[in-house]
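Descriptive analysis of the structure
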Amino acid sequence: MSRWRPPQPGSTAVITRAGFESLRAELDDLWHQRRPEVVRALAAAAAEGDRSENAEYTYRKKQLGEIDRRVRYLSKRLPVLRVIEQPPTRTDTVYFGAWVRLEDEEGARHDYRIVGPDEIDPARCWISIDSPLARALLGKRVDDSAEAILPSGARRFAVRMISYAPKSESA
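Being a predicted model, the structure only gives us computed values, none of them experimental.

The next point concerns the sheet that holds strand β3 (residues 99-104). Spatially, five strands are ordered β5-β4-β3-β7-β6 in an open sheet, and the strand pairing comes out mixed. At either end of the open sheet lies a strand with only one pairing partner, and these are β5 (126-128) and β6 (145-150). On average, adjacent strands in this sheet sit at an angle of 45° to one another, irrespective of strand direction. Both β3 and strand β4 (residues 109-115) contribute to a ladder of five bridges, which runs antiparallel. Looking at the pairing, Glu-103 lines up with Arg-109 of β4.

Here it is in structure tokens:
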């Protein structure tokens, strides 16, 4: 059996202004705060002598690798992101940045915000524009139905509300 897998499709390079600023702040914190702290701790652990049995040294090396990996990713990702600051001209249609209220087949209501793949947050119900549900919703209007193939199977939803205002304003 081969280990080769086809490459994953690239993620959409769009983001909200708040998401972009959050990623930039994370990069700044990693580079100017956390990394120097870990380097100092690593140097102190290395000075203790035998590194082969030094758990602190091993832990700090691993931690430094994780920080460097994230810094590399953010340094490459931030320049290619396109910040979308304004809502679309047609606010009656689902596009990037929309808050969408859906009703499923059982009558349950769900609110989602369509955001870029770098700012998804399940706790806040923010879904990626690349997700199957968001792809099914793009271009829909109120009272349109959409069918999405989710991990739990095919589901049908009706669009009940579309808003581009922050959630606290869009009840």
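More follows now that the structure is in view.
A separate point is the nonpolar core. Grouped together as the largest cluster of nonpolar side chains are 21 residues, with contacts concentrated most on Val-94, Val-100, Leu-102, Ile-114, Leu-133 and Leu-137. Sorting the residues of this core by element identifies β3, β4, α3 (132-137), β6 and β7 (153-163) as the ones contributing at least two each. Excluding residues that lie within four positions of it along the chain, Val-94 makes contacts with Val-100, Ile-114, Leu-137, Leu-138, Gly-139, Lys-140, Ile-162 and Tyr-164.

Time to look at the packing of helix α1 (residues 17-46) against helix α2 (residues 55-77). Running from amino to carboxyl end, α1 crosses α2 at an angle of 155°, the nearest separation of the two axes being 9 Å. The orientation of α1 relative to α2 falls into the category roughly antiparallel. Seen from above, α1 lies across α2 with left-handed handedness. In terms of residue class, the contact of α1 with α2 is built from 15 nonpolar, two polar and eight charged.

Between the first and last C-alpha of α1 there are 41 Å, a value that for 30 residues agrees with the 44 Å anticipated at 1.5 Å per step. Gly-19, Phe-20, Leu-23, Leu-27, Leu-30, Val-38, Ala-41, Leu-42, Ala-45 and Ala-46 are the residues of α1 that are buried. Looking at the buried side of α1, the elements it contacts are β1 (14-16), α2 and β2 (82-84).

Moving on, we come to the pattern of salt bridges. For the coordinates displayed, the defined rule picks out 18 salt bridges. Close ionic contact of Arg-160 with Asp-143 constitutes a salt bridge, the shortest N to O distance being 3.1 Å. Remark: Asp-143 occurs in the loop between α3 and β6 and Arg-160 occurs in strand β7; sequence separation between them is 17 residues. Accessibility expressed as a relative area gives 32% for Arg-160, which makes it partly exposed.

This brings us to the pairing of β6. Of the two faces of β6, only the one carrying Ala-146, Ala-148 and Leu-150 is buried; Ser-145, Glu-147 and Ile-149 on the other face are not. Pairing geometry for β6 and β7, over six bridges, is antiparallel. In the sheet register, Ile-149 faces β7, and the bridge partner there is Ala-154. The antiparallel pairing of β6 with β7 creates a hairpin that spans two residues between the two strands.

For Cys-125, which is not a glycine, the phi torsion comes out positive at approximately 65°. Mapped onto the elements, Cys-125 comes out in the loop between β4 and β5. With a phi close to 75°, Asp-143 is a non-glycine residue in the positive phi region. Classification of Asp-143 as exposed rests on a relative accessible area of 57%.

Calculation criteria
- Residues numbered from 1 in each chain as written.
- Predicted model: local features only at pLDDT ≥ 70, side-chain atom pairs only at ≥ 80, totals over all residues.
- Heavy atoms only, no water.
- Pairing = 2+ DSSP bridges.
- Helix = DSSP H or I, 4+ residues; strand = E, 2+ residues; numbered from the N terminus.
- Axes fitted to C-alpha atoms, helices over the stretch in contact; angles between N-to-C directions.
- Core = buried A, V, L, I, M, F, W, Y, C linked by side-chain atoms within 4.5 Å.
- Buried < 20%, exposed > 50% of the residue type's maximum accessible area, 1.4 Å probe, protein only.
- Contact = heavy atoms within 4.5 Å.
- Parallel < 35°, antiparallel > 145°, perpendicular 65-115°, else oblique.
- Left-handed = near helix turned anticlockwise from the far one by under 90°.
- Nonpolar A, V, L, I, M, F, W, Y, C, P; charged D, E, K, R; others polar.
- Expected span 1.5 Å × (residues − 1).
- Salt bridge = Lys/Arg side-chain N within 4 Å of Asp/Glu carboxyl O.

Keep in mind these values describe shape, not function.
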